[in-house]
Amino acid sequence: MATITAALVKELRESTGAGMMDCKAALTQTDGAFEAAVDWLRKKGLSKAAKKADRVAAEGLVASLVSENSGVVVEVNSETDFVARNADFQTLVKNIAEVALKSGKSDVEALGKEAYPGGGTVSEAITQAIAGIGENLTLRRAAALSVSEGVVGRYVHAQVVDGQGKIAVIVALESKGDKDVLATLARQLAMHVASANPLALDASGLDPATVEREKKLLAEKNAGKPENVLQKIIDSGIKTYAKEVCMLDQVSNHPDHSGKSVAQAVKEIEGKAGAPIAIKGFVRYALGEGIEKQTSDFAAEVAAAAKG
C-alpha cells in the first residue's frame, strides 16, 4: 500500500478544492494514485466545490437557536436567494446552528471542525452541500450568548422556515425573575433590535473609531466657532448620538412599551418578573451585510449559456 503523505493530500486538495479528509479518503481508496483520486472525487461530486469557491456568496439564510439560558446566531451564505428555499440547504443551516449551540463555538474555523450530525465535520458537510446544490456556500460567521441565570430570547425577521430568515437576533437577560416574563421581554427586545439596529448596549460599548468619526463630523459642521463653544457642541452632539444608537437609550418600538426607552421598559418589567433584570448583550445578523454583491446581466448569462 502506498504511503499517503500530507504533501500529497495538500496537492489534491488544492487541485480539486475538496475537503482535507475527502482528499485523504480518495488517495487511500486509489492507493495513492493522484489522477485516480481526482476521478474518485469527481464521481463523488466533491471536486465541484473548487470551481465554485471564487463566486460571491451573499444570499442564503441567517438563523438563531436558543435553549433556556444560551443562544446562537449563524449566517450561511449562498450565491442566489433561490437556495434559501432549498430544503437541503435549510437542513444544513439548522444543523450548523444546533452544532454551534451544543458546542458553544462561535469561531468559524473551530466550528467547521466540529462533528456534524450524521458523520464528518461541519466543513465537510458544507463541501458536500456545495456539490449537491451546485452553488458556492460559506459559513460566514457565528456568535453565541449565555447567562448563568435568566434567558436568551430570539427573533427572526422575514422568516423562511422556523428560526431562519433575513435578520436574526438574540438577546441575553440575566435575572432570577419569572422565566415566562423574561422570555416575553427577551423576544420583545429582540424585535426592537431587529428594527432599530442599535450599535451597542450603551455608550461605553461604542466603537471608539465610530465616536471619533462623529466628533470629526460635528467639528467640521461647526468650523469657525470658538474652541470652548465647539467643544460643548461636540460633547452635546455625542450624547445625542449615543441616545440614537445605544439600545438602552433608544425609544422602544414595541407597542407594550409605548413612549419608554428600553432601559425604562426593562425597569418596569422588573416588577412583574419579581427580580432585577440586566441585559447582558445582543447580537443582530442581517443577511449579506457588508458583502459586496456582484451585479450581472441575467439575460446575457442565459444567452451565453445557450450559445455554449
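As the structure is a prediction and not an experimental result, all values here were calculated from the model.

Each value, and the rule that gives it
- Residues numbered from 1 in each chain as written.
- Predicted model: local features only at pLDDT ≥ 70, side-chain atom pairs only at ≥ 80, totals over all residues.
- Heavy atoms only, no water.
- Helix = DSSP H or I, 4+ residues; strand = E, 2+ residues; numbered from the N terminus.
- Buried < 20%, exposed > 50% of the residue type's maximum accessible area, 1.4 Å probe, protein only.
- Contact = heavy atoms within 4.5 Å.
- Areas by Shrake-Rupley, 256 points an atom, 1.4 Å probe, with all protein chains shown as cover.
- Pairing = 2+ DSSP bridges.
- Axes fitted to C-alpha atoms, helices over the stretch in contact; angles between N-to-C directions.
- Salt bridge = Lys/Arg side-chain N within 4 Å of Asp/Glu carboxyl O.

> Just checking my understanding: could you explain the overall build of the chain for this structure?
Secondary structure assignment for the chain yields twelve helices and seven strands. Counting all 308 residues of the chain, 44% fall into the buried class. Of the contacts formed within the chain by residues at least 6 apart in sequence, a portion of 64% connects residues at least 24 apart. Summing over all exposed atoms, the chain offers an accessible surface of approximately 16,400 Å²; the carbon and sulfur share of this is 51%.

> What is the right way to look at the sheet that holds strand β6 (residues 167-174) in this model?
The strand order across the open sheet formed by three strands is β4-β6-β7, and the pairing between neighbours is antiparallel. Every interior strand has two partners, whereas the edge strands, β4 (150-157) and β7 (278-286), have only one. Mean inter-strand twist for the sheet, computed between neighbouring axes without regard to direction, equals 10 degrees. Running at roughly 40 degrees to β4, helix α8 (residues 179-196) makes contact with β4, β6 and β7 of the sheet.

> I tried to follow the sheet that holds strand β1 (residues 59-66) on my own but got confused; where do I start?
By way of backbone hydrogen bonds, the strands of a sheet pair with one another, either parallel or antiparallel. Across the sheet, four strands lie side by side as β3-β2-β1-β5; this open sheet has antiparallel pairing. Looking at the sheet topology across the chains shown, the edges are occupied by β3 (138-146) and β5 (164-165). As paired strands, β1 and strand β2 (residues 70-78) are joined by eight bridges and run antiparallel to one another. Bridging across to β2, Gly60 finds its partner in Asn77. Packing against the sheet, helix α5 (residues 87-103) makes contact with β1, β2, β3 and β5, and its axis sits at approximately 145 degrees to β2.

> What should I look at first to understand the pattern of salt bridges in this one?
Pairing is possible between side chains of opposite charge, provided their charged atoms come close. One pass over the full model with this rule turns up eleven salt bridges. The closest approach of N and O atoms between Glu75 and Arg141, which form a salt bridge, is 2.6 Å. Residue Glu75 is found in strand β2, and its partner Arg141 is found in strand β3; the two are separated by 66 residues along the sequence. On the basis of relative accessibility, which here comes to 0%, the residue Glu75 falls in the buried class. Measuring nitrogen to oxygen at the nearest pair gives 3.3 Å for the salt bridge that ties Glu270 to Lys267. Here Glu270 and its partner Lys267 are both found in helix α11 (residues 262-273), three residues apart, which amounts to about one turn of the helix. Note on Glu270: relative accessible area 15%, which makes it buried. By relative accessible area, which is 59% here, Lys267 ends up exposed. Several salt bridges share partner residues, and in doing so they unite Glu75, Arg140, Arg141 and Glu289 into one network.

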